[in-house]
Structure formats: structure tokens, C-alpha cells
Amino acid sequence: MAMPGVLPEGESVPTDGSLPPTALRAVGARGFGVYVHVPFCASRCGYCDFNTYTAGELGGGASRETYADTVLAELRLAARVLGDTPPPRVDTVFVGGGTPTLLPADDLARILDGIDRTWGLAADAEVTTEANPESVTPESLKTLRAAGYTRISLGMQSAAPGVLAVLDRKHSAGRATSAAAEARDAGFDHVNLDLIYGTPGERAEDFAASLDQVVAAGVDHVSAYALIVEEGTRLAARMRRGELAYPSDDVAADRYLAAEAALDAAGFSWYEVSNWARTPGARCRHNLLYWTGGDWWGLGPGAHSHVGGVRWWNVKHPSAYAARLAAGESPGHAREVLTVDEAHMEDVMLRLRLASGLPLAVLDAAGRAGAERALAAGLLAGAEYAAGRAVLTLRGRLLADAVVRDLLP
């Protein structure tokens, strides 16, 4: 879960981070995960607006060398907040960024050990780290696997050198698949490769080659996302100056259909609009926790958390984050208590993107009328609809946002 560069506003978070009693009554009833945000990058990619920092952008009060200790300090605060109502276990851990593997593997191991000591990892816990292909070695991967990491997600983006150059990616075109092979050799249970499609200048054959390389790499999970141009990024500035064309919705649709065809032929099945897995066991359980309304604690600057209908997010800059914890205070920037209507809206938005869909019974009369229209337009699957569920067809996946709008008040 990428941390946005701009944080929303909300009500203030108590200095001690305490939560309303209502939020603590059923912690982990729908599963409990931990997200760890590592905000460091060796360089900034032109399309990225995540809460990340290069060494020159950090300033005083924050460093890679002390970061693991700072995260463990927030973990101790989290244990105090949950107190007598801890989760029954930690089902999933996801370390994202940024580039988590810019931290020494031993530090990532210490953070995972701290989570286990605090709340206890489930025997079958899924433990993921993201990584840039150039930031791992066979040795570091073996250390991470030995520490308990079971899954790795590698940012490949493309196999075409020209596309990587437009995105300001620093790894070579073949490094991602080599890193995937090294992760498999190190014993990781699951390996994901991320792709971005629709980059200016990307040809259909470039994306086809990327898909071919992903399939040949032997990974069991693929994520593929259309390029989104975020304001304030170097890519957006280049487009405003006319140096690059803006992404085309028609091209993005063509690329998505190509991804579905190639991955389906290779034995992958979609389980979320932008995610495919070879087997049910290869699906990212941590992301499924987000998409199905589970609880999680987010550690790190800008990290978001959700416990019992309360969502909060930490201060953005690593220096401010470290200073709050050094003073014994919560790093929380703001929070919101979701209303029944807000929770329903999120539930529909997220679950409709899943291959399992959502029960028609959760929709109000207007939403059911919208579902009927989507069915008639071929955007919802007929057999599943007859069985009482709204499940997107392939065409519906291309228009998922529009279908969601039609199902909500």
C-alpha cells in the first residue's frame, strides 16, 4: 500500500495515541495485519508522488541507520494503545516504501522480530517486503528469508529500456527477472512482479515483451497498473511542457486486455482488477485484508492505520515522525471515525474490484437498480448475478469505477 505524498486532514489524534473503546472491542475480528513504511529511495522516479525521500532530502533527525529503532518505538506505543485488547495474532506483515531493501536485511529482520514479540505472528503469517530489483542480492534475500519473510514484490515496471528511461527507473531491463530468480532460489514462497502500462512511447510490442518476461520468470503473482500522472511529479511537468504525450485511456484498455489474455494463457487468474495469481495461495493476503475491511496498524511516517472503524495517519516527514516518538508521543497526524455510510461506500468500492464480488443484498434500492443496468450493459456476470452477487465481467473491469458509481447512493 503506497503512502501518498499529501496527507488528508481530520480530527486530532490524542498525544498518547489512544483509541475509542468502541474501536477496541473487536480488534482483529476480520484479521489483523501490520504495514511498515520505509520512506527511503536511492533516487526519485519521475512518476512517483509517494511519501519517500532520497538522502539529500532527509535533513536532520532522520536516517536509515536509526530507522529500525524508531519503528520499534512506534511498535511499543502501539502495544500500549491496544493494551488489554491485542489482536489474536498478526496474520500478515507488509513492508513497503520507498525501497525497504535499502535498509540492511538485519534491520528488516529486527523489525519483523519486534512485531512477533509484540503481538505474535500467526503460524502461517504472510510476510512481504517490496524491493527494487537493484537493491537486493542473493545474500540479502537469503537473510530476509531466514528471518521469516515469505513473499517479495519486485518493481519491474517494464522490460523495455526506453520505457524505463521515461519512468526514471534505474535498473536494467533484465534485472527484475534476475532478482525474481534469486528470490526463488533463496526460498521465498511467493514472488510478485509489478508492471506499469501506458507510459508515453510504450509500444504494444514493448508491453507484450514485458508480459513474456514476467511469465518466463516463473513468478506466481503479477500486478499491473495503468500509469497515473500525479501533479507535482517530474513526469507531469514534462507533459505540461509538451515533451511527452499524456496517457491514452484507449491504449490503457488495450494494454489491460493484453495482460489478461497473456496471463490467463499462462495459468494466472485475476482476483482483483489489477492483480493476478497462479493459485489461490499466491494471492496477496495483506492486500485482501485491506480490501475486505480488516484491521491493521501502519508503522512509519505517513503510514495509515485502521482499527475498529477508526482510521488515522502519521505525520509525513521522517524527522517529524522520529521527533514525536523521541518525545514519547504518538506520531499520528490526524484521524477519522468512519460513519456507517462511509464504511458502506468503501466496502462497495473495494469488494466490487475482487473476483469474488459483493452480495447484491448489501446494496440499497438505488444500488440494486444500478446493478441491473450494469448487468444489462454486460458489465456484471449473469450467472453470479443470478446467484445474488455482483461480479465484474472483463468489460466491467475496464469500467470498474463507473460501475461503482452506479451502485452507490
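For clarity, every value in this text was computed on a predicted model and none was experimentally measured.

Before going further, it helps to examine the overall build of the chain. On a plain count of helices and strands, the chain comes out with 17 helices and 14 strands. Since a compact globule built from 409 residues should have a radius of gyration of about 22 Å, the 21 Å found for the chain is in line with a globular shape. Taken along the three principal axes of its C-alpha coordinates, the chain extends 55 × 50 × 45 Å. Split into buried and exposed, the 409 residues of the chain put 54% on the buried side. For the chain, long-range pairs separated by at least 24 residues make up 73% of all intrachain contacts whose partners lie at least 6 apart in sequence.

Note: most peptide bonds trans; most residues except glycine with negative phi. Omega for the peptide link from Gly 97 to Gly 98 comes to 20°, which places this bond in the cis form. With respect to the secondary-structure elements, Gly 98 resides in the loop between strand E2 (90-97) and helix H4 (105-119). Its identity is not glycine, yet Gln 157 carries a phi of approximately 70°, on the positive side. Structurally, the position occupied by Gln 157 is in strand E4 (residues 151-157).

Attention shifts here to the packing of H4 against helix H5 (residues 138-147). Taken N-terminus to C-terminus, the directions of H4 and H5 make an angle of 10°; their axes are 9 Å apart at the nearest point. Between H4 and H5, the angle falls in the class roughly parallel. Residues Ala 105, Asp 106, Leu 108, Ala 109 and Leu 112 of H4 touch H5, and the partners they reach there are Ser 140, Thr 143, Leu 144 and Ala 147. Taken together, the residues of the contact of H4 with H5 break down into six nonpolar, two polar and one charged.

Conventions adopted
- Residues numbered from 1 in each chain as written.
- Predicted model: local features only at pLDDT ≥ 70, side-chain atom pairs only at ≥ 80, totals over all residues.
- Heavy atoms only, no water.
- Helix = DSSP H or I, 4+ residues; strand = E, 2+ residues; numbered from the N terminus.
- Rg over C-alpha atoms; globule rule 2.2 N^0.38 Å.
- Buried < 20%, exposed > 50% of the residue type's maximum accessible area, 1.4 Å probe, protein only.
- Contact = heavy atoms within 4.5 Å.
- Axes fitted to C-alpha atoms, helices over the stretch in contact; angles between N-to-C directions.
- Parallel < 35°, antiparallel > 145°, perpendicular 65-115°, else oblique.
- Nonpolar A, V, L, I, M, F, W, Y, C, P; charged D, E, K, R; others polar.

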